[in-house]
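Each chain is listed here by its residues.
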Amino acid sequence: MMFDEKMLSSLQKLGLTNYGAKTYIVITNFGPVDASSIAKEANIPRTKIYDVLNKLEDEGWVNVERGRPMLFTARDPRNIIDERRSNLFTEIDTLLSEMSMMYDQQIKKEIPKVWLIHGKDNITAKSLDMISKAKKSVMMTGDLYFPEEVESLKSIIQKAKRNSISFRIIAGDIIKTSEGEIDLVKAFAEVQPDMIISGKPLIKYVMVDEKELLIMFPKINEEILDLNKVVALWIPSPAVASSMTDMFNMRWNTYVKMQTD
């Protein structure tokens, strides 16, 4: 007997073996039918056919008329397959519920690590190290920049462009600091990063690859950023960095829309 491979595959997904699926199809076609005829039609060794038939009976796929010879008939496939489908859906729903609870508990246990960094030299070093290791994207927003940082950023931006790494900046054009004014537009003119001019916030955020986040906080005296009194929080958490990236993109897209309208 020729078998439909798709039908065999579907029956196996409901728990039957290859031999079991073939046997059930034969019995459904020819039943009541004896074991020898089933083995011949299904091309199953006679030494194995009774094991297959006993399992099908135990699992409720076939009925047995005991006599000489024993005859096998299939249970109505509409009933038995509907039962298996219902049981499978119930198992999937239970699995989904249990695995979701496990996953949610794991998320609750995850406490993002946060490091406090003091001093402009340490903060600059950490920021540049993060940015230089980017694989996909760098997003920077805010008006806190250090003169030495700006110079180092130029070469990093050029390298990012060569490697097709997205590099976006939202910042003011002129930044007033305790070490003088920084003209970002002029400073970055030769490397031309994707940049939107928008003053404030004075707090600066750096997001890299949606995996880690650096937040820098300056002291402010009469709208002048005191670069000698800066602290930063480094948060290597994809969940936090991804959320901040989404917020950055919303702000970026809003400015782009305003410029095109």
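Cut-off values and rules
- Residues numbered from 1 in each chain as written.
- Predicted model: local features only at pLDDT ≥ 70, side-chain atom pairs only at ≥ 80, totals over all residues.
- Heavy atoms only, no water.
- Phe/Tyr/Trp six-rings, centres within 6.5 Å; stacked < 30°, edge-to-face > 60°.
- Helix = DSSP H or I, 4+ residues; strand = E, 2+ residues; numbered from the N terminus.
- Buried < 20%, exposed > 50% of the residue type's maximum accessible area, 1.4 Å probe, protein only.
- Contact = heavy atoms within 4.5 Å.
- Core = buried A, V, L, I, M, F, W, Y, C linked by side-chain atoms within 4.5 Å.
- Pairing = 2+ DSSP bridges.

## Considering the packing of aromatic side chains
At step 1: Applying the stated criterion to the full structure yields three aromatic pairs.
At step 2: Between Trp-115 and Trp-234, the aromatic rings sit 5.1 Å apart at their centres with planes inclined by 40 degrees, giving tilted as the arrangement. Of this pair, Trp-115 sits in strand β3 (residues 115–118) while Trp-234 sits in strand β11 (residues 224–235), and the two are 119 residues apart along the sequence.
At step 3: Assessed through its relative accessible area of 19%, Trp-234 is described here as buried.

## Some thoughts on unusual backbone geometry
At step 1: Note the cis peptide between Arg-68 and Pro-69, where omega equals 0 degrees.
At step 2: Along the chain, Pro-69 falls in the loop between β1 (62–65) and β2 (71–74).
At step 3: Its identity is not glycine, yet Ser-164 carries a phi of approximately 55 degrees, on the positive side.
At step 4: Relative to the assigned elements, Ser-164 resides in the loop between α7 (147–162) and β5 (166–171).
At step 5: Positive phi is not limited to glycine here, since Gln-192 has a value of about 45 degrees.
At step 6: Within the fold, Gln-192 resides in the loop between α8 (184–187) and β8 (194–197).

## Side note on the environment of Ile-117
At step 1: Following the sequence through the fold, Ile-117 ends up in strand β3.
At step 2: The contacts of Ile-117, once residues within four sequence positions are left out, are Asn-122, Ile-123, Lys-126, Leu-214, Val-230, Val-231, Ala-232 and Trp-234.

## Observations regarding the side chain of Arg-84
At step 1: With respect to the element layout, Arg-84 can be found in helix α5 (residues 77–109).
At step 2: With relative accessibility at 15%, the residue Arg-84 sits in the buried group.

## A closer look at the nonpolar core
At step 1: Within the largest apolar cluster, 35 residues are counted, with the highest numbers of intra-cluster contacts made by Ile-131, Met-140, Tyr-145, Leu-153 and Phe-167.
At step 2: Mapped by element, the contributors of at least two residues to this core are α6 (120–132), β4 (137–141), α7, β5, α8, β9 (204–208), β10 (212–221) and β11.
At step 3: Listed in part, the 23 residues of the second largest apolar core include Ala-21, Val-33, Leu-56 and Phe-72.

## Overview of the pairing of β11
Each regular strand shows side chains that alternate between the opposite faces of the sheet.
At step 1: Alignment of β3 against β11, held across four bridges, turns out to be antiparallel. Considered in β11, the bridge of Ile-117 is made with Ala-232.
At step 2: As paired strands, β10 and β11 are joined by nine bridges and run antiparallel to one another. Within β11, the position partnered with Ile-220 by the bridge is Leu-225.
At step 3: Joining the antiparallel neighbours β10 and β11 is a turn of two residues, in which Glu-222 adopts a positive phi near 55 degrees.

## Some remarks on the environment of Ala-189
At step 1: Examined against the element boundaries, Ala-189 turns out to sit in the loop between α8 and β8.
At step 2: Taking the C-alpha atoms as reference points, Ala-189 and Leu-116, separated by 73 residues in sequence, lie 33 Å from one another.

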